[in-house]
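Take a look at the letters that make up each chain.
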Amino acid sequence: MTFDAIETRAIEAIRHADHFTASLFLGRGQYRVERRPTVLAAMQAAREIEQDPAAHTRRALIYAIAVDGHATLLTAALIAKLLSLKS
């Protein structure tokens, strides 16, 4: 699968997502997951949970969640591209 095909699938996942999550691994089976209605709100939640002292230097991951529960990881490159289109 080419990068363009992967990007197209991710964009479709965003368009049809039921919600978005910002997720951060805290260690030993512990995660902090924040559910949000939009990509931008999930990005804000990611910035907030990265401030948790338990996060250390870890970065949060953002997922588009479909109605059936399928999760699509939104890469930093894709989010940057979407933000550049918004401006």
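Below you will find a few notes about this structure. Nothing here was measured: the structure is a model prediction, and the numbers come from that model. (Residues numbered from 1 in each chain as written. Predicted model: local features only at pLDDT ≥ 70, side-chain atom pairs only at ≥ 80, totals over all residues. Heavy atoms only, no water.)

### Focus: the side chain of Ser23
Right, so step 1: In this structure, Ser23 sits in strand E1 (residues 19-27).
Right, so step 2: Residue Ser23 is classed as buried on the basis of its relative accessible area, which comes to 14%.
Right, so step 3: The residues touching Ser23, leaving out its near neighbours within four places in the chain, are Tyr31, Arg32, Val33, Ile49, Ala60, Leu61 and Tyr63. (Helix = DSSP H or I, 4+ residues; strand = E, 2+ residues; numbered from the N terminus. Buried < 20%, exposed > 50% of the residue type's maximum accessible area, 1.4 Å probe, protein only. Contact = heavy atoms within 4.5 Å.)

### Description of the environment of Gln44
Right, so step 1: Checked against the element boundaries, Gln44 lands in helix H2 (residues 39-49).
Right, so step 2: When the C-alpha atoms of Gln44 and Ala66 are compared, they prove to be 20 Å apart, with 22 residues separating the residues in sequence.
Right, so step 3: Engagement of the side chain of Gln44 in a polar contact is seen with the side chain of Arg47, the distance being 2.9 Å. (Polar contact = N/O pair within 3.5 Å; in protein donor to acceptor, adjacent residues only side chain to side chain.)

### Regarding the layout of surface pockets
Right, so step 1: The computed volume of the largest pocket comes to approximately 270 Å³.
Right, so step 2: Secondary structure elements with two or more residues in the lining of the largest pocket: H2, strand E3 (61-65), strand E4 (71-74) and helix H3 (76-86).
Right, so step 3: Within the lining of the largest pocket, the residues separate by chemical class into 9 nonpolar, 1 polar and 3 charged. (1 Å grid on protein atoms, 1.4 Å probe; cavity = no way out; pocket = protein on both sides within 12 Å on 5 of 7 lines; lining within 4 Å. Points joined across faces, edges and corners; volume = space filled by probe spheres on them. Nonpolar A, V, L, I, M, F, W, Y, C, P; charged D, E, K, R; others polar.)

### Overview of unusual backbone geometry
Right, so step 1: At Arg28, a position not held by glycine, the phi torsion is positive, near 40°.
Right, so step 2: Residue placement: Arg28 occurs in the loop between E1 and strand E2 (30-36).
Right, so step 3: For Arg28, a relative accessible area of 84% puts it in the exposed group.
Right, so step 4: Although it is not a glycine, His56 adopts a positive phi angle of roughly 55°.
Right, so step 5: By the secondary structure assignment, His56 is in the loop between H2 and E3.
Right, so step 6: Looking at His56, the relative accessible area reads 61%, which means it is exposed.

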